[in-house]
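The lines below spell out each chain.
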Amino acid sequence: MKTDKKRIAVVKKERCNPRACGDLCIKLCPVNRMGKECIVKDEKGKAAIDEMLCTGCGICSNRCPFNAISIINLPKELQQEPIHQYGQNGFHLYNLPTPFFGKVTGILGRNGIGKTTAIKILAGLLKPNLGRIDEEAGYEALLQHFKGTEAQIFFEKLKKGEVKVSYKPQKVELIAQQYKGKVRALLSNIDEKGKLDEYAKALGIDAILSRNISDISGGELQRVAIAATLLKDANLYILDEPSSYLDVKQRLRTAKFIRSLLSPQVGIMVVEHDLVVLDYLADMINILYGEAGVYGVVSIPKTVREGINVYLSGYLREDNVRFRDHELKFYSRPSLMSKSSESLIEWTSLKKQLGDFSMESDEGKITKKAMIGVLGENGIGKTTFMKLLAGELEPDEGEINEEIKIAYKPQYIEIEKDMLVALFLKEAIKKYSNQLIKPFGIDSLKERMLSELSGGELQRVMITHTLSKDADVFLFDEPSAYLDVEQRLMVAKTISTIMEIIGKSCVVVDHDLLFLDAISSYLMVFQGKPAKFGKIKGPLEMEEGMGLFLKDLGITFRRDKDSKRPRANKEGSQLDTSQKSKGIYFYS
Ligand code: ADP
Ligand code: SF4
């Protein structure tokens with residue numbers, strides 16, 4: 001419904017620091033200077049802006065030293081009430097994604113753009129207020145708002161109690177903190193379908209049912225959470241980031257299983273940043289665009305291929321909205337930097353035994369300016385091999401020329417000592433202000449403490465910190481975790497730029513194939529049996545490495561003809577069969 005509101009003013013209260021700036025915005029606002037109360041102090045002494053008095057001049061947002069204020073002059077189409085607004089000067093969400101029964105609907109958008117807010121509303125966990133702060137909108141108001149749309153049908157069903165939602169939240173770590181018993185006990189409690197053993201087997205967690213929740217890995221916990229969600233007898237399943245912590249094999253296997261639960265009466269919604277997985281899993285896509293932390297708009301649904309391609313292009317034709325000033329691009333042959341044949345580190349064939357686990361590698365070397373991607377399942381020895389290269393472990397057999405320094409970003413990030421981001425990144429700020437600090441958006445994090453950062457913010461800070469070290473080889477273990485699509489591709493580009501500048505090399509372990517495709521010029525492949533043995537091959541040329549890895553998985557890939565992004569072929573499809581018969585698992 002239309003409103004008189006012409007603009008939104010959002011104040012990020014965690015950044016607003018009036019004591020440090022001396023209430024600068026209040027002093028500068030021309031409306032205040034004319035004697036009106038456009039910007040005042042809220043009950044905590046922070047800025048509160050009256051959107052109806054504000055003229056949208058932008059002085060306060062331009063001058064705020066902490067980037068705490070955003071003023072958005074709304075285009076005509078958005079001069080309507082939002083679905084939800086988090087309090088005065090809080091985030092605004094416009095429109096909602098539409099669940100379809102009989103289909104998987106994907107939600108695609110940046111971090112902080114309102115995805116979680118939207119699915120919490122659909123799951124009935126958050127009552128929308130239609131922008132009327134401190135008031136919940138009843139079903140009647142919602143039905144009125146969505147009159148004549150698919151969402152109206154959905155909310156009518158919800159009102160009549162015909163929609164039963166089961167929801168998997170993003171942060172599965174919280175389950176481990178809240179629940180102390182065995183995996184089987186947790187799942188039996190929710191198993192409304194009586195299919196615990198069948199689902200556990202399909203998700204590959206049958207062997208861990210007798211373990212304590214507190215003792216299982218992140219990837220296992222993710223699959224337990226997915227099983228718990230799907231075992232409920234619901235007709236709308238909502239899964240927020242189901243692939244975090246899973247390796248490529250587990251991601252695709254889980255996606256296939258989730259799809260297998262569709263029926264004409266059942267709808268599934270997923271939020272997912274791994275575009276290969278999203279592409280494989282979803283039929284339809286809702287794009288969310290806007291400004292992170294300020295406002296989010298949900299687009300009308302599109303088919304999965306078109307939706308992902310439109311998202312990458314940054315332009316929504318039907319709304320004539322350019323929501324990103326550049327396209328996200330892929331190349332058939334990712335050669336982001338010049339290659340060199342000069343060697344940085346070499347190893348003979350190696351062997352290492354750790355408890356029951358053994359691993360061996362062929363001889364290999366890392367050349368200068370090489371971007372090496374690493375592919376392999378969880379538990380197959382990737383971290384152990386990285387530790388051998390870093391000199392933290394000694395091989396039992398074989399030798400590594402270890403006259404080199406290694407900088408390392410581990411998979412699970414722990415803060416050793418809490419401090420201000422600006423202090424932690426002192427070196428990086430001095431060395432790479434333009435190449436690293438700006439593209440990573442670190443400026444707005446400088447005044448925060450490490451312990452206050454979100455997962456994605458901490459990831460960017462840690463990558464920045466690692467890159468500023470004095471080293472020959474930079475190892476990154478799962479740098480894509482917690483990052484959205486834009487951030488993943490930006491990280492790929494930035495790491496390459498820094499390697500090119502300093503003439504060093506990096507090794508990147510990751511499970512997002514699109515990210516690895518974007519960052520790597522060579523691949524190392526880990527084969528074997530998780531927790532038993534690992535066999536390391538490479539670095540190999542990209543096509544050879546991808547082929548080796550995908551053949552092992554039995555999955556073929558093609559490149560999208562428009563966006564050039566890699567796409568997994570559906571198993572048994574014509575392309576899949578024809579590529580397999582020719583032994584081509586990855587097109588480059
Ligand atoms: P996404 O899931 O796309 O990352 P979210 O829906 O979690 O985005 O958040 C969108 C915006 O809403 C963010 O700026 C976030 O800080 C804000 N937000 C989320 N929950 C609340 C809340 N309970 N109160 C105020 N603001 C919130
Ligand atoms: Fe005042 Fe609005 Fe201008 Fe900010 S944008 S200074 S609140 S009139």
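This text goes with the structure placed above it.
Residues numbered from 1 in each chain as written. Chains lettered and ligands numbered in written order. Predicted model: local features only at pLDDT ≥ 70, side-chain atom pairs only at ≥ 80, totals over all residues. Heavy atoms only, no water.

S.K.: What should I look at first to understand the overall build of the chain in this one?
M.R.: What the chain contains, in helices and strands, is 23 helices and 27 strands. Whereas a compact globule of 588 residues would reach a radius of gyration of roughly 25 Å, the chain reaches 25 Å, a difference of no more than 12%. With the C-alpha coordinates of the chain rotated into their principal frame, the extents come out at 80 × 60 × 50 Å. Classification of the 588 residues of the chain by burial places 54% in the buried group. Taking the intrachain contacts of the chain between residues at least 6 apart in sequence as the baseline, contacts between residues at least 24 apart amount to 70%. (Helix = DSSP H or I, 4+ residues; strand = E, 2+ residues; numbered from the N terminus. Rg over C-alpha atoms; globule rule 2.2 N^0.38 Å. Buried < 20%, exposed > 50% of the residue type's maximum accessible area, 1.4 Å probe, protein only. Contact = heavy atoms within 4.5 Å.)

S.K.: Just checking my understanding: could you explain the layout of surface pockets for this structure?
M.R.: Sizing a probe to match a water molecule and rolling it over the atoms shows the empty space that remains. In this structure, the second largest pocket encloses a volume near 1100 Å³. Taken together, 46 residues form the lining of the second largest pocket, with Asp 247, Gln 250, Glu 377, Asn 378 and Pro 530 sitting closest to its centre. Per-element accounting of the lining of the second largest pocket gives the leading share, five residues, to helix 12 (residues 248–260). In the lining of the second largest pocket, the residues fall into 14 nonpolar, 15 polar and 17 charged. (1 Å grid on protein atoms, 1.4 Å probe; cavity = no way out; pocket = protein on both sides within 12 Å on 5 of 7 lines; lining within 4 Å. Points joined across faces, edges and corners; volume = space filled by probe spheres on them. Nonpolar A, V, L, I, M, F, W, Y, C, P; charged D, E, K, R; others polar.)

S.K.: Sorry if this is basic, but what is going on with the site of ligand 1 here?
M.R.: Neighbouring ligand 1 are Tyr 86, Phe 91, Arg 110, Asn 111, Gly 112, Ile 113, Gly 114, Lys 115, Thr 116, Thr 117 and Gly 293. Take Ile 113: an N or O atom from its main chain is 3.2 Å from an oxygen atom of ligand 1. Within the contact set of ligand 1, an oxygen atom lies 2.8 Å away from a backbone nitrogen or oxygen of Lys 115. (Near = heavy atom within 4 Å. Polar contact = N/O pair within 3.5 Å; in protein donor to acceptor, adjacent residues only side chain to side chain.)

S.K.: Before we go on, may I ask you to explain the pairing of strand 10 (residues 267–271) in this structure?
M.R.: Burial of strand 10 is extensive: five of the five residues sit out of reach of the surface. Residue alternation in strand 10 divides its side chains into two sets, Gly 267, Met 269 and Val 271 and Ile 268 and Val 270, and both sets are buried. Pairing analysis gives four bridges linking strand 7 (residues 104–108) to strand 10, with the strands arranged parallel. Note that in strand 10 the partner of Ile 107 across the bridge is Val 271. Handedness of the crossover joining strand 9 (residues 236–240) and strand 10 through helix 12: right-handed. (Pairing = 2+ DSSP bridges. Right-handed = clockwise from strand over helix to strand, strands pointing away.)

S.K.: Honestly, the nonpolar core in this entry has me stumped. Any pointers?
M.R.: Nonpolar side chains in soluble globular proteins generally cluster together in the buried interior. Within the largest apolar cluster, 121 residues are counted, with the highest numbers of intra-cluster contacts made by Leu 187, Val 224, Ile 268, Val 461, Leu 467, Ile 495 and Leu 513. Among the elements that take part in this core, helix 20 (residues 485–502) stands out by supplying eight residues, more than any other. Setting aside chain neighbours within four positions, we find Ile 268 in contact with Phe 100, Lys 103, Val 104, Thr 105, Leu 236, Tyr 237, Leu 239, Ile 258 and Leu 262. Core analysis: the next-biggest nonpolar cluster, separate from the first, contains 29 residues, Leu 130, Leu 158, Ile 238 and Val 298 among them. (Core = buried A, V, L, I, M, F, W, Y, C linked by side-chain atoms within 4.5 Å.)

S.K.: Help me out: how do you make sense of the sheet that holds strand 18 (residues 357–361) in this one?
M.R.: Pairing in this open sheet of eight strands is mixed, and the strands run 17-18-25-24-20-23-22-21 from one edge to the other. Either end of the sheet is taken by a strand with one partner, and the two such strands are strand 17 (350–354) and strand 21 (406–409). This sheet shows a mean twist of 15° between the axes of neighbouring strands, independent of strand direction. Here helix 15 (residues 382–389) sits on the sheet in contact with strand 17, strand 18, strand 20 (371–375), strand 21, strand 22 (473–477), strand 23 (505–509), strand 24 (522–529) and strand 25 (533–541), set at roughly 60° to strand 18. (Axes fitted to C-alpha atoms, helices over the stretch in contact; angles between N-to-C directions.)

S.K.: What's the story with the site of ligand 2 in this structure? I'm lost.
M.R.: The environment of ligand 2 is made up of 13 residues, and the closest members are Cys 29, Cys 54, Cys 57, Gly 58 and Cys 60. Classifying every residue of the shell around ligand 2 by side-chain character gives ten nonpolar, three polar and no charged.

S.K.: How should I be thinking about helix 7 (residues 150–159) in this particular structure?
M.R.: Since the α-helix turns once every 3.6 residues, residues separated by three or four places project in the same direction. Listing the buried residues of helix 7 in full gives Ala 151, Gln 152, Phe 154, Phe 155 and Leu 158. For helix 7, the angular spread of the buried residues around the axis is 160°, confining them to a single face. Close packing links the buried residues of helix 7 with helix 5 (115–122), helix 6 (139–145) and strand 9. Looking at the residues trailing helix 7, positive phi occurs at Gly 161, about 75°. (Arc of directions from axis to C-beta.)

S.K.: Is there a simple way to think about the environment of Leu 328 in this case?
M.R.: Topologically, Leu 328 is positioned in the loop between strand 15 (321–322) and strand 16 (343–347). Given a relative accessible area of 8%, Leu 328 falls into the buried group. Sequence separation between Leu 328 and Gly 455 is 127 residues, and the spatial gap between their C-alpha atoms is 23 Å. Beyond its immediate chain neighbours, meaning those up to four positions away, Leu 328 contacts Leu 312, Val 485, Glu 486 and Leu 489.

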